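Summary of the model geometry
The residues making up each chain are set out below.
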Amino acid sequence: MSRDGWGLVLLAAILAALPLVAATAYVLTLLNVIGLYVIVTVGLILLGCSGQVSLGQAAFYGLGAYASALLSRDLGWSPGLTIPAATLLVAAGAYLVGLPTLRLAEHFFVLATLAVGIIVNVLMVQMVPLTGGASGLRDIPPLQLGGLRFTSDLHYYYLIWALALLALAVARNITSHRTGRALRAILGSEVGAAALGVEVARYRMQVFVLSAAYAAVAGAVYAHYIRFISPSPFSLYASLFFLIMAVVGGLTNIWGGLFGAVAVTLLDQVVRAQLPRVFPRVGGEYQTAIYGILLVVIMIFFPSGIVRGTLDLRRALVRVPHRIGTARARSPDRRPGLGDSPRPADGGTP
Amino acid sequence: MVSLLPQLILTGLTVGSIYALVALGFVLIYNVTGILNFAQGEFSMLGALLCATLLGWHLSLPLAALVAVAAVCLIGAAMERLTIEPAFGSHPLTLIIITFGVSMAFRGLSLMIWGADPYTLPEFTPGPALQLLGGVLVRQAMWAIGLSIAVVLGLFLFFSRSVPGAAVRACADNAFACRLLGISPRRMSLVAFTLSAGLGAVAGIVIAPITGATYDMGLSLGLKGFVAAVIGGLTNAPAAVVGGYLVGLIESLTTGYLTPGYSGAITFLVLLLVLVIQREGLLHAAQRRQA
Amino acid sequence: MTSPLLEVHELTRRFGGVTAVDRVTFGVRPQEIVAIIGPNGAGKTTLFNLITGFLAPTSGEVRYRGERITGLPSEKIAALGIVRTFQHLVVFGEMTVAENVMVGCHRWTRTGLLHAALALPAARREDGEVARAAREVLALVGLAARADDLARDLPVGQQRLLELARALAARPTVLLLDEPTAGLSAGETRHLLEVIRRLREQGTTLVIIEHNMDVVMEGADRVVVLDYGEKIAEGPPAEIQRNPRVIAAYLGEDTETLGGLVPAEPGAAP
């Protein structure tokens, strides 16, 4: 098995053992939330592997949640059915969104996803008879598979992290082999890739739909876990949050999704706990200042993500240091953050 | 309700003039540097709040406005030097994310400094509202509309009749040739950001007497100004101004005739449509010039 | 006379007021080596862009094996077997040299998203084939030693070789090379000529944009000359060398280029 494969097995072992060691409600809930975010962020990073960035990932997350919630609560379907159904629905929606937008230049694509995200969020708030509006949807049935009823944090812990590990494994697989090489080629040079027969539009669409599906699955599980959803966790702020997680981990680095989700969520917990002590004013989202600065610092100094950036830094210190900001420090076609890619660990290179 | 229409149009033109100013800021920076500056709206917010604070320190309105605009220009320059220049040469998406980060940082810092409550600014020329064409127009709205037209004319003259203006335009067209002529694209970038920051600040100070000044006014102003700029094609300043008025009217009309909540969605739907219709081709995007 | 494999018929491309390619017509027969020459700005690269679907023609047609391919997207044209290289480099900087070449194998491999996602044996088998093919091609062009280096760390000359290797890995039927010898040393150029000849023996047809007249004279079966977008001459290298229109078109170019065309007069500088 490859190095990545063993890494996953090790991770699975640690995760399985964790609840036996630290099983407080707070820790479990936190881990569950992190697990869901890992899935969403890995989806975003998959998209990043083809050179696209989405500012609407939270919209797909939310659509998955609402779809599954409505199908199970109002139509009486079992959540075991509505989660996959919601995922398929959202994937279909992503396909429709992608048709006109994926051929836009990258910076316009970001804006299109921004627009879609905002529109979806507004609809969530406005279509009150369907979605309950700003007050949200209650009484979402819990997940039930066969005889097993998922009601406790622990149940969802195993489910969520099983899904997260699966998501990581599948994403890692996709970035290897012919598909992975094609994606990285598109990232490297669309024109060069097309000249070799790589169907740029088709790969872009596949990855976009997949990344939306990832978010939708996480959203659907979220709905049955918390059993209450409202539009606010699915706003532009949330999309930016997911972007920050992806950026911290490295926009094209699958394992970075894990790292980013963990790091940023933990950071958020710390910030929420500590900040009111320093700034005792009530209300508002001070965290945005910190996240904003974090985002800027990372994109300037660690564009390939924190881990890779630190490794690069070590390498860079060995060479002659460049003055930051000169054109010489970056070659014309270099794309930090969006140009870094995972190496296939198994037999991909002679 | 037919009688509502003139009022809606007047309101639309008023906010539209502000969107036009913000859009101009976008277009200026995009033309010179190729960057989409998502912190543009925050310049307006900073201008309004700084002006309010200065007024609180008993400066006269003209002086407070002037100092506030100057301060925001400095902030814009600082932003360019601290966050854009170090990332110079990066992929355009990296830069867009950076400007998003900066806008978040500005918002958060404003919240810390000024708190969440709205501040009020006085009208430039206090007095009763004007009855116009079946609707009511507050006096400040005349300032908004008038200023936006004046700024457009001023920019037009600057770019077409003055030497520094020509230099900026030349740089926008061909950065490499500019370097050969001794014009530094880096300096042009600094000029663009400083100028756009000033534009944003003016917009904020002009609209604040009507809508109030809060720490989060920049986000929606920026997004709508951005839509306006895209409608104008992102490179065409007069079209961006028209776009601004268009966005203002669409927003006003949808708020009046549909449920107010939907107006945001409609504006972004317009953005989507414009993006999709106006798509750039593969080779064009691949040739995105960075000085 | 064998029918042409690739045909260009009255191909025209206008950009506003400028006609970059003006009713160019010629054919390329199987296993022929055709050189496209002309002064700078003559429209040679634009012609390649038109043939390979990167640019849509204003009018005219491109035919491959008798079928119209005008208007097809570039990916489809490449999938048909018409592969090109670029004058400006489009190597995949963040991938290794070997990975770059493996992307070249894309058009004759089949596994897709599902195979990759589930890590099916077919995907692994294919990876092995592709890796082997890449090794062979790298050995052919002389880049085997740098297989695991990042493409962006290569000097420009080697990046050009990499692009060529990538195109070769695609096993093209028609290979369009845009200034393949630019930045290569004399030894490397000689090696390239050998590679080209060997390719032709193996069945590949080649169309090459070249400025290096030695390469053209030695390597090409036929030469097509463009000037201001028009085809002004076509024929074997020796004929083109003496063609007064061609010489006139190059007048004003530096003597290096001219030297290849005009036979030296006794006592004149080389």
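Residues numbered from 1 in each chain as written. Chains lettered and ligands numbered in written order. Predicted model: local features only at pLDDT ≥ 70, side-chain atom pairs only at ≥ 80, totals over all residues.

Notes on the overall build of chain C
- A tally of regular secondary structure across chain C gives 11 helices and 10 strands.
- In terms of overall dimensions, chain C is globule-like: its C-alpha atoms have a radius of gyration of 19 Å, near the 18 Å expected for 270 residues.
- Taken over the C-alpha atoms alone, chain C extends approximately 65 × 40 × 40 Å along its principal axes.
- The 270 residues of chain C split such that 47% are buried.
- Of the contacts formed within chain C by residues at least 6 apart in sequence, a portion of 65% connects residues at least 24 apart. (Helix = DSSP H or I, 4+ residues; strand = E, 2+ residues; numbered from the N terminus. Rg over C-alpha atoms; globule rule 2.2 N^0.38 Å. Buried ≥ 20, exposed ≤ 12 C-beta atoms within 10 Å, placed from the backbone. Contact = placed C-beta atoms within 7 Å.)

Details of the interface of chain B and chain A
- Contacts between chain B and chain A engage 44 residues on the former and 51 residues on the latter.
- For the side of chain B that touches chain A, the elements supplying multiple residues, two or more each, are α4 (92–114), α11 (262–277) and α12 (282–286) of chain B.
- When residues of the side of chain B that touches chain A are assigned to their parent elements, the largest contribution, 17 residues, is made by α4(B).
- Residue composition of the side of chain B that touches chain A, by class: 28 nonpolar, 12 polar and four charged. (Nonpolar A, V, L, I, M, F, W, Y, C, P; charged D, E, K, R; others polar.)

Focus: helix α10 (residues 200–226) of chain A
Residue and element names in this part refer to chain A.
- Between its terminal C-alpha atoms α10 stretches 39 Å, which fits the 39 Å expected from 27 residues at 1.5 Å a residue.
- Across the 27 residues that make up α10, a large majority, 23, are buried.
- In the segment just after α10, arginine 227 is the residue with positive phi, at about 65 degrees. (Expected span 1.5 Å × (residues − 1).)

So, the packing of helix α11 (residues 236–249) of chain A against helix α12 (residues 254–278) of chain A
Residues and elements named next belong to chain A.
- Look at α11 against α12: their axes get within 7 Å of each other, and the N-to-C directions meet at 120 degrees. It follows from the interaxial angle that α11 and α12 lie oblique. Crossing of α11 against α12: the hand is right-handed. The residues of α12 that touch α11, namely those facing Ile244, Met245, Ala246, Val248 and Gly249, are Gly256, Gly257, Phe259, Gly260, Ala261, Ala263 and Val264. (Axes fitted to C-alpha atoms, helices over the stretch in contact; angles between N-to-C directions. Parallel < 35°, antiparallel > 145°, perpendicular 65-115°, else oblique. Left-handed = near helix turned anticlockwise from the far one by under 90°.)

Considerations on the pairing of strand β1 (residues 6–15) of chain C
Residues and elements named next belong to chain C.
- Inspection of the sheet shows β1 paired to strand β2 (residues 18–28) by seven bridges, in the antiparallel sense. Across the sheet, the residue bridging to leucine 11 is valine 24, located in β2.
- Where β1 hands over to β2, the hairpin turn is made up of two residues, of which glycine 16 adopts a positive phi near 60 degrees.
- Pairing between β1 and strand β4 (residues 59–64): five bridges, direction antiparallel. Bridge pairing in β4 places histidine 9 opposite glutamate 61. (Pairing = 2+ DSSP bridges.)

Regarding the environment of Arg166(C)
- Summarising the element assignment, Arg166(C) is placed in helix α6 (residues 156–169).
- When residues no more than four places from it in sequence are discounted, the contact partners of Arg166(C) are Leu196(A), Asn100(C), Val101(C), Val103(C) and Gly104(C).

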